[in-house]
Structures are given as structure tokens and as C-alpha cells.
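Spelled out, the chains give:
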Amino acid sequence: KNEVEQSPQNLTAQEGEFITINCSYSVGISALHWLQQHPGGGIVSLFMLSSGKKKHGRLIATINIQEKHSSLHITASHPRDSAVYICAVALHNTDKLIFGTGTRLQVFP
Amino acid sequence: ETGVTQTPRHLVMGMTNKKSLKCEQHLGHNAMYWYKQSAKKPLELMFVYSLEERVENNSVPSRFSPECPNSSHLFLHLHTLQPEDSALYLCASSQVKTSGFFTDTQYFGPGTRLTVL
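We now turn to the structure provided with this report. (Residues numbered from 1 in each chain as written. Chains lettered and ligands numbered in written order. Predicted model: local features only at pLDDT ≥ 70, side-chain atom pairs only at ≥ 80, totals over all residues. Heavy atoms only, no water.)

1. Structural notes on the layout of surface pockets
Of the voids in this model, the largest pocket is the one considered here, and its volume is about 710 Å³. Along the walls of the largest pocket sit 28 residues, with Val84(A), Thr101(A), Arg104(A), Gln37(B) and Lys40(B) positioned nearest its centre. Within the residue set of the lining of the largest pocket, elements represented by two or more residues are β9 (83-91) and β11 (103-108) of chain A together with β9 (87-94) of chain B. In terms of residue count, β11(A) provides more of the lining of the largest pocket than any other element does, 4 residues in total. When its residues are assigned to classes, the lining of the largest pocket shows 10 nonpolar, 14 polar and 4 charged. Considered as a void within the structure, the second largest pocket measures approximately 430 Å³ in volume. Along the lines of polarity and charge, the residues of the lining of the second largest pocket split into 11 nonpolar, 3 polar and 7 charged. (1 Å grid on protein atoms, 1.4 Å probe; cavity = no way out; pocket = protein on both sides within 12 Å on 5 of 7 lines; lining within 4 Å. Points joined across faces, edges and corners; volume = space filled by probe spheres on them. Helix = DSSP H or I, 4+ residues; strand = E, 2+ residues; numbered from the N terminus. Nonpolar A, V, L, I, M, F, W, Y, C, P; charged D, E, K, R; others polar.)

Here is the structure:
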């Protein structure tokens with residue numbers, strides 16, 4: 001079992017839909033990252049959070065440390081949101097970063 | 001140039017070739033990283049450099065040899081690679097504070113897509 005699990009693996013949506021991507025982890029962490037990877041391969045850091053909730057435009061990330069769970073929400077989804085969304089956790093007490101396998105999102109017009 | 005740049009963007013090499021990947025960051029960061037992304041596998045951290053010193057080597061085979069001549073440049077020297085080394089190689093940088101390497105935002109380059117024949 002991976003230390004970082006994402007669900008779903010694949011997600012399709014119609015433009016305008018509200019989208020949720022989940023990340024669960026089984027280790028103690030000091031921070032959690034959400035990353036976006038477009039088809040060309042480039043990766044953009046969306047959020048880094050260690051507690052609570054962060055919002056940037058149409059994107060919202062939440063984390064529940066007690067439940068070892070984080071969610072990434074996209075409101076009013078758009079075809080340009082189509083990408084792979086990757087969750088990564090920074091292990092507590094060791095300088096290691098472990099990645100999930102990603103969630104492939106496709107938003108259709 | 002802004003952000004993190006990588007060259008070349010694509011590279012095809014034979015198993016006996018020697019080549020190098022280059023990464024440059026224009027953000028004034030103090031740490032740089034090499035990651036490998038193989039098909040259908042999660043990203044893997046290969047090397048971490050802080051202030052030009054290697055801090056982390058995640059059991060990477062010796063056919064991959066990193067070099068960090070200064071805080072803005074990072075190289076990955078490749079020799080006698082295997083076909084299974086074909087992957088997307090990503091460079092990243094961050095400004096590290098005392099709380100650890102991965103508690104700050106990482107800025108990624110566009111990657112080099114490597115094919116080993």
C-alpha cells in the first residue's frame with residue numbers, strides 16, 4: 001500500500017461542475033503539497049499547507065491532520081483545468097517528499 | 001529568463017552515450033532538486049542540493065551523476081544508461097528555511113524528456 005493514496009485516479013467533468021480530488025496518507029507529515037501537471041509535463045505548485053484551508057481563485061485546498069486527509073476542490077471547472085493533479089507529503093522529522101500517483105482530470109465543454 | 005529553465009527539452013541517447021541535463025533557476029533560491037517521473041509511476045526524488053552541497057541521494061544508480069557548481073545551476077550527467085531510465089526528468093528549486101526542504105513551495109522547470117535506446 002502506498003503511503004500516499006489519491007482518489008479518484010481518473011475524473012471527467014462537464015464545464016462548470018464542482019470537482020473534488022482526495023488525498024489520504026498514512027505517515028506523519030509536516031506539510032502537504034498539491035501540484036498541477038499539464039500534458040506537456042511542466043508542474044506548477046498550487047498549494048502547500050500544514051493545517052486548515054487555503055483558497056486561490058477557483059481552487060480550494062483543505063487538510064485534516066487528525067484524519068490524515070486532504071481535498072482539492074475546483075469550483076466552476078473549465079476545460080483549461082484539465083491536467084493531472086498530484087498530492088505530495090513532506091514527512092515529519094525526515095526531509096523526504098512522497099508523491100501520490102496523481103488524478104487525471106478532463107473537463108469537457 | 002524567469003523561473004526555472006531546463007535544457008534540452010527532449011533528448012534521445014544510446015546506452016553508450018554520455019550526455020548532460022542542465023537546469024538553471026532565476027529565483028534566488030538556495031536549494032535545487034532533481035526528480036524522475038517514469039510512465040505510470042509517481043514522481044521520485046533523486047537528488048537534493050542546498051548551498052551547492054548534496055544533501056540527499058535517494059539511492060540513485062551511479063550512472064546518474066549530479067553537479068551543482070553554484071546556487072543557480074544544476075546538472076545531471078548521464079552515462080551508460082539503460083532503456084528503463086527513459087523518463088521525464090524534472091528540476092525544481094525552493095527557498096529553504098530551517099523547517100526542512102519540503103515545507104516551502106517548490107518551483108519546477110518544464111522537464112527534459114529522455115529516451116534511451
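2. Quick look at the interface of chain A and chain B
Counting from both sides, the interface comprises 19 residues of chain A and, opposite them, 19 residues of chain B. When the area that chain A buries against chain B is broken down by residue, the three leading residues are Ile43(A), Asp95(A) and Phe99(A), summing to 37%. Joining chain A to chain B, the criterion identifies 0 salt bridges. Counting across the interface, chain A meets chain B through 2 residue pairs in polar contact (both at pLDDT 80 or more). Of all the elements in the fold, those that place two or more residues in the side of chain A that touches chain B are β4 (29-37), β5 (43-49), β9 and β10 (97-99) of chain A. (Contact = heavy atoms within 4.5 Å. Buried area = accessible area lost by both parts, 1.4 Å probe. Salt bridge = Lys/Arg side-chain N within 4 Å of Asp/Glu carboxyl O. Polar contact = N/O pair within 3.5 Å; in protein donor to acceptor, adjacent residues only side chain to side chain.)

3. A closer look at unusual backbone geometry
In this structure, Pro8(A) follows Ser7(A) across a cis peptide bond, with omega equal to -10°. Checked against the element boundaries, Pro8(A) lands in the loop between β1 (4-7) and β2 (10-14). With an omega of -10°, the peptide bond running from Thr7(B) to Pro8(B) counts as cis. Tracing the sequence through the fold places Pro8(B) in the loop between β1 (4-7) and β2 (10-13). In the Ramachandran plot, Ala76(A) falls in the positive-phi region, its phi being about 50° despite a non-glycine side chain.

4. Comments concerning the state of the cysteines
Going through the model one piece at a time under the given rule, you end up with 2 disulfides over all chains. A sulfur-sulfur separation of 2.0 Å characterises the disulfide bridge that pairs Cys23(A) with Cys87(A). Residues Cys23(A) and Cys87(A) share a disulfide whose torsion about the S-S bond is about -65°; that sign makes it left-handed. You can see Cys23(A) sitting in strand β3 (residues 19-25) and its partner Cys87(A) sitting in strand β9, a full 64 residues away along the chain. Just so you know, Cys68(B) is unpaired, no disulfide at all, and the nearest cysteine sulfur is the one on Cys91(B), 9.1 Å from it. (Disulfide = S-S within 2.5 Å.)

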